[in-house]
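# Inside the fold
Given next are the chains, with one letter for each unit.
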Amino acid sequence: ANGGKVLSKGRIPLPPGSTLTWLGHVEDGNGAVAFGASDGCVRVRTSEFGGSWTPVFRSQDARQQEGEHHWTVAVSVAESALYCVVGGNANGPAVHPRPVLTPLPLGMPVALPDSSSGELENAAARAQLCVALASAAAAGDTAGFRDDVDPAGAAVDALRAAQTEADKALLRLFHAACKGERPARAADVASALNLTTSMHGALKLANAMSQNVLAERVTNLIEASMAAATAAAEVEAARAYGGAAELDTPGQAPQQHYSQPAAYVAPSQATQPEKDSNPLGRRRSVAPATDENADAPKVSAKVKAGYEANAAPAKKGRVANPFARAR
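The notes below deal with the structure included here. (Residues numbered from 1 in each chain as written. Predicted model: local features only at pLDDT ≥ 70, side-chain atom pairs only at ≥ 80, totals over all residues. Heavy atoms only, no water.)

What follows covers the nonpolar core. Grouped together as the largest cluster of nonpolar side chains are 19 residues, with contacts concentrated most on Phe174, Ala186, Leu214 and Val218. Within the residue set of this core, elements represented by two or more residues are helix H3 (154-179), helix H4 (183-191), helix H5 (196-208) and helix H6 (212-240). Of the residues forming this core, the biggest block, five residues, is contributed by H3. Setting aside residues no more than four positions away along its own chain, Leu214 makes contact with Phe174, Cys178, Pro183, Ala186, Ala187 and Ala206. (Core = buried A, V, L, I, M, F, W, Y, C linked by side-chain atoms within 4.5 Å. Buried < 20%, exposed > 50% of the residue type's maximum accessible area, 1.4 Å probe, protein only. Helix = DSSP H or I, 4+ residues; strand = E, 2+ residues; numbered from the N terminus. Contact = heavy atoms within 4.5 Å.)

As for its placement among the helices and strands, Leu106 is situated in the loop between strand E7 (102-105) and helix H2 (118-138). For the pair Leu106 and Ala81, spaced 25 residues apart in the sequence, the C-alpha separation amounts to 5.5 Å. Aside from chain neighbours lying at most four places away, what touches Leu106 is Val56, Phe57, Ser76, Val77, Ser80, Ala81, Leu82, Asn122 and Arg126.

In this section: the sheet that holds E7. Paired through backbone hydrogen bonds, the strands of a sheet run either parallel or antiparallel to each other. Taken together, three strands build an open sheet; the order of strands is E5-E6-E7 and the sheet is antiparallel. Because the sheet does not close on itself, it has two edges, and the strands there are strand E5 (69-76) and E7. If you compare each strand with its neighbour and ignore which way they point, the axes differ by 40° on average. In the sheet, E5 pairs with strand E6 (residues 81-87) via seven bridges, with the strands oriented antiparallel. Looking at E6, one finds that Thr72 is bridged to Cys84. (Pairing = 2+ DSSP bridges. Axes fitted to C-alpha atoms, helices over the stretch in contact; angles between N-to-C directions.)

We now examine the pattern of salt bridges. Evaluated as defined, the whole model comprises four salt bridges. The closest approach of N and O atoms between Glu165 and Lys168, which form a salt bridge, is 3.8 Å. Within this pair, Glu165 and its partner Lys168 are both found in helix H3, separated by three residues, close to a single helical turn. Overall, Glu165 belongs to the partly exposed group, its relative accessible area being 47%. We classify Lys168 as partly exposed; its relative accessible area is 44%. Glu236 serves as the salt-bridge partner of Arg239, at 3.9 Å between the closest nitrogen and oxygen. Placement of the pair is Arg239 and Glu236 together in helix H6, with a separation of three residues, close to one helical turn. (Salt bridge = Lys/Arg side-chain N within 4 Å of Asp/Glu carboxyl O.)

Even without being a glycine, Ser80 presents a positive backbone phi close to 55°. Within the element layout of this structure, Ser80 appears in the loop between E5 and E6.

In this section: the pairing of strand E3 (residues 41-46). Here E3 lies mainly inside the structure; five of its six residues are buried. Summarising the sheet, strand E2 (residues 33-37) and E3 pair through three bridges and their orientation is antiparallel. The partner of Gly36 across the bridge, within E3, is Val42. Two successive antiparallel strands, E2 and E3, enclose a turn made up of three residues, where Gly40 displays a positive phi of approximately 90°. In the sheet, E3 pairs with strand E4 (residues 52-58) via six bridges, with the strands oriented antiparallel. The residue bridging Arg43 from the neighbouring strand is Pro55, located in E4.

On the basis of which strands lie adjacent, the open sheet formed by four strands has the order E1-E2-E3-E4 and antiparallel pairing. Only two strands of the sheet have a single neighbouring strand rather than two, namely strand E1 (20-25) and E4. Direction aside, neighbouring strands of the sheet carry axes that sit 25° apart on average. Along the sheet, H2 makes contact with E3 and E4, crossing E3 at roughly 45°.

The quantities given are spatial measurements derived from coordinates; they are silent on function.
So this is what it looks like as structure tokens:
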């Protein structure tokens, strides 16, 4: 806890028959909890899968001679180093004279596929762990551990830097998988990329090595990433212009609501007569409202032609006879 705020709570998953030898926070400013057990394993808690403990160091793999013990003092995932006191006493490190801190590289338990590079797999796993810790800090899960950690500023920049470094390691692993004719592993690595620019780089590598099926899968990943980014931008725009959207579902367009002005009157509605201010005065006659949709009165064909049936016939004028005798 820091300043009355609980950062993490719950039981520590100690292995059966082991005891707790060290408990602290990762020295990366993200407030992640880490602990060491008597079995020589150091684990770091991440927010993935609802909260999981990832082993980052095993004393058995780092021993140079039999009976050597590593007493953990600090862990830095960003630097990929564990600072410890190396000694032969199983009960604890010597405190006098002052012990010297020894940095040891972190190692992730990775199941190596056939004909793969273990160093590239380990580097990619460590980089992904850095992204998970930086993402938790940017989301505010461990905010408040340090005063200089700002989820809206420094933590977001740290997340971007961690994603860039992780994508570099993943692209090296992607290139090795393409050279080793392992398209399935290359597709898995491409799906773990964080940035769209890195996916475009993977697409160029796949096309350069004539991996058409792999290039198609990477293209689908790029399209899905761009669609998700567009949906997120639409949601942010809806929140900026008039509050949050009704459903923060990716791909949902913000609904627009229009209201009629106060002076608007529908054409089909009749204008109401104004009320006379004098109740004893003579009421004004108001012409009845006419319905525009009502049927017009029927007009006969003769009236339309310009004359009525009862009208007297007009007198016929004399027609001049060119053969008549002149008077």
